[in-house]
Amino acid sequence: MSRYVPPMGERQVGEREVSSPTRATHASWRKPVRSAARRGAVVGAVAVVVVGAGASADATSATSSSEPVVSGAVINSGHDVIVGITRDVVFPVTVTGSDDSGLSFVDVDLKGPHGGFYTTDAFCETATDCTTVFTVNAHLAPGSDDPVDLANADAGTWSVDSLVDANDGDSVYSPGVATFALKRAAQLTVNAAPEPVAKGAQITVTGKLVRANWDTYRYAGYAGRAVKLQFRPKGSSTYATVATVNTSSTGNLRTTVKAVKDGYWRWNFTGSATTGPAKAAGDFVDVRP
């Protein structure tokens, strides 16, 4: 299970102790070091002494290894991480890289705004891919006194640091190998009235945009956001944008349109830097001649 804490102290490469080759996590609070020990270099030096000066270059080449390389990371299969107020959100972070001996173990740190910090680790599933799993939440577990993971200030862009070990003992620390968005969940409602309505008459479409408040464990109105009003004719599968309306100070939406044909009306919010997208279910209006 991932742990959320402010980063404290330092943890040197080589301090890791793993008891069995299964997915593992640790609760040590640390900031990854900037460089890693090269145990392979010691092996190469010993080989030179054994074979003699005449063959030292060949022996060093044969016994030394290249440093592992981290090529990138994929968070939540490439999607934003969106968190509400009622349940844990679990998502993978896969670090990819290479080494001539293969990758064996990875530590991953997630660093967010205002000191947000998660850490976990795992054995690599292949020689080039290492996947860790993070769990985040913005709610209190029933009967628990544990602090919640997230506050509103934590929403936004997070960065990924990794510390990867290879099978030959080499390690490499890669800060800022990737970024991702951790966002507050949003919800939308819609109501189109009257129903039915005469063709050419006015339809009033209302609704409300709310988003998760990670400080109060409730949903609250999202003010001053542009939301699209969309219409889908009966028998069609495609919505088209009819108007764009800004939410009020309480997140409310209201506008009027002319009744032309039978169809479905909905509000569509595409999201912001801190808040995920939301679409209301279409509300059908019967338009009569």
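Throughout this document, residue positions are counted from 1 along each chain, in the order its sequence is written. Since the coordinates come from a predicted model, pLDDT governs what is reported: local features require at least 70, and pairs of side-chain atoms require 80 or more to be given and counted, while whole-chain, interface and lining totals use all residues. Side-chain descriptors were evaluated using all non-hydrogen atoms of the structure, hydrogens and water having been removed beforehand.

Disulfide assignment relies on a single distance test, namely cysteine sulfur atoms paired within 2.5 Å. For the structure shown, the criterion picks out 1 disulfide. With a sulfur-sulfur separation of 2.0 Å, Cys-124 is cross-linked through a disulfide to Cys-130. Since a negative S-S torsion denotes a left-handed disulfide, the Cys-124-Cys-130 link at about 85 degrees is right-handed. For the pair Cys-124 and Cys-130, one class covers both residues: buried. Burial here depends on accessible area, computed with a 1.4 Å probe over protein chains only, as a share of the maximum for the residue type. Under 20% is buried, over 50% is exposed, and the range in between is partly exposed.

Attention shifts here to the sheet that holds strand 6 (residues 89-98). Between any two strands, pairing holds if DSSP finds at least two bridges. Helix and strand labels come from DSSP, where a helix needs a run of H or I of at least four residues and a strand needs a run of E of at least two; each type is numbered from the N terminus. Read from one edge to the other, the open sheet built from 3 strands follows the order 4-6-9, with strand pairing classed as antiparallel. Edge positions in the sheet fall to strand 4 (69-75) and strand 9 (129-136), since each has one partner strand and no second. Taking each pair of neighbouring strands and ignoring which way they run, the sheet shows an average axis angle of 20 degrees. The pairing of strand 6 with strand 9 spans 8 bridges and is classified as antiparallel. Axis lines are fitted through C-alpha atoms, for helices just across the contact stretch, and the angle between N-to-C directions can take any value from 0 to 180 degrees.

For the rest of this paragraph, the subject is the confidence of the model for the protein. A residue's pLDDT is simply how confident the predictor is in it, with values from 0 to 100. Summary statistics for the protein give a mean pLDDT of 82 and a share of 76% for residues scoring 70 or more. Whether two residues are in contact is decided by their heavy atoms, any of which lying within 4.5 Å being enough. Taken as a whole, residues 5-63 scores under 50 in pLDDT and shows 84 contacts with residues more than four places along the chain or in a different chain.

Take the buried Ala, Val, Leu, Ile, Met, Phe, Trp, Tyr and Cys residues and link them wherever side-chain atoms come within 4.5 Å; each set so joined is a nonpolar core. Membership of the largest hydrophobic core comes to 31 residues, with the highest contact counts inside it found for Val-83, Leu-110, Leu-150 and Trp-214. Elements that contribute at least two residues to this core include exactly strand 4, strand 5 (81-83), strand 6, strand 7 (103-111), strand 9, strand 10 (156-166) and strand 11 (171-184). Setting aside chain neighbours within four positions, we find Val-83 in contact with Val-89, Val-136, Asn-137, Ala-138, Leu-150, Leu-182, Lys-183, Arg-184, Ala-185, Ala-212 and Trp-214. The next biggest cluster of nonpolar side chains, apart from the first, holds 23 residues, and it includes Leu-209, Val-257, Ala-278 and Val-285.

Right, let's get into the packing of aromatic side chains. To pair, rings of Phe, Tyr and Trp, with the six-membered ring standing in for Trp, must have centres within 6.5 Å; the planes then decide the type, stacked if under 30 degrees apart, edge-to-face if over 60, and tilted in the middle. Counted by the stated rule, this structure contains 8 aromatic pairs. Consider the rings of Tyr-264 and Phe-284, whose centres lie 5.0 Å apart with planes at 55 degrees: the pair is tilted. Taken together, the residues Tyr-264 in strand 19 (residues 263-269) and Phe-284 in strand 21 (residues 283-285) connect sequence positions 20 residues apart. Judged by relative accessible area, which is 25%, Tyr-264 ranks as partly exposed. Of the residues examined, Phe-284 reaches a relative accessible area of 26% and is grouped as partly exposed. An aromatic cluster is built from Phe-91, Tyr-118, Phe-134, Trp-158 and Phe-180, whose rings are joined through pairwise contacts. A cation sits over an aromatic face here: Arg-211 above Tyr-222, 3.8 Å from the ring centre. In our convention, an over-ring charge means Lys NZ or Arg CZ found within 6 Å of a ring centre and within 35 degrees of that ring's normal. The ring centre of Tyr-264 lies 4.2 Å from the NZ or CZ of Arg-232, which sits over that ring.

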